[in-house]
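# Topology and contacts: notes
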Amino acid sequence: PEFGKGKDPKDYVPPVWRFGAHVAAIGMKFYTGDMFPEKYRNRILVAQHGSWNRSSKVGYRVMVLTLEDNRVTEAAPFVSGWLAKNEAVSGRPVDVLQLPDGSVLISDDHGDAIFRVSYTPTEETEQ
């Protein structure tokens, strides 16, 4: 009420994507490199730090979002695996950074690590 008093939601641009509660999407970058296949280029990479106070944990991954006409048309995991099926946590992504060669760094404040993600095409992926 303090900040919304006298305001009309129609006066603001609505979010283009609504993340689920508690995923804690705290770092994001547009991927502009050319190391990864075309489907990843000019997309948004989002680090989901993950929940800590929820009965069923969510997040703990990096998502890739596809934009068309300022609308998110697809959201899919880019890197996951920090949350096991038994909900054991091995990492919490904080942010992403694109390196000049097109690879991506992902910082993790749970494991005090930085992961470098790169892509090498194979015969199967080139077809």
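Everything that follows concerns the structure shown earlier in this document.
A brief look at the structure comes next. Treat the numbers as computed from the prediction; the structure is a model and nothing was measured.

### Observations concerning the nonpolar core
Membership of the largest hydrophobic core comes to 16 residues, with the highest contact counts inside it found for Phe36, Leu45, Val62, Phe78 and Ile106. Beyond its immediate chain neighbours, meaning those up to four positions away, Val62 contacts Leu45, Val46, Ala47, Pro77, Phe78, Val79, Trp82, Pro93, Val96 and Ile106.

### Section: the pairing of strand 6 (residues 104–108)
Alternating positions in strand 6 separate cleanly, Val104, Ile106 and Asp108 being buried on one face and Leu105 and Ser107 remaining unburied on the opposite face. The sheet contact formed by strand 5 (residues 93–98) and strand 6 spans 5 bridges and is antiparallel. Across the sheet, residue Asp95 finds its bridge partner in strand 6, namely Ser107. Counting the residues between successive antiparallel strands, the hairpin from strand 5 to strand 6 contains 5 residues, one of them, Gly102, with a positive phi of roughly 95°.

### Some details on the sheet that holds strand 2 (residues 43–48)
In spatial order, the strands read 1-2-3-4; together these 4 strands make up an open sheet with antiparallel pairing. The open sheet has two edge strands with one neighbour each: strand 1 (25–31) and strand 4 (71–79). The mean inter-strand angle of the sheet, taken between neighbouring strand axes irrespective of direction, is 25°. For strand 1 and strand 2, the ladder comprises 6 bridges, and the chain directions are antiparallel. Bridge pairing in strand 2 links Gly27 to Ala47.

Reading the values: the criteria
Residues numbered from 1 in each chain as written. Predicted model: local features only at pLDDT ≥ 70, side-chain atom pairs only at ≥ 80, totals over all residues. Heavy atoms only, no water. Core = buried A, V, L, I, M, F, W, Y, C linked by side-chain atoms within 4.5 Å. Buried < 20%, exposed > 50% of the residue type's maximum accessible area, 1.4 Å probe, protein only. Contact = heavy atoms within 4.5 Å. Helix = DSSP H or I, 4+ residues; strand = E, 2+ residues; numbered from the N terminus. Pairing = 2+ DSSP bridges. Axes fitted to C-alpha atoms, helices over the stretch in contact; angles between N-to-C directions.

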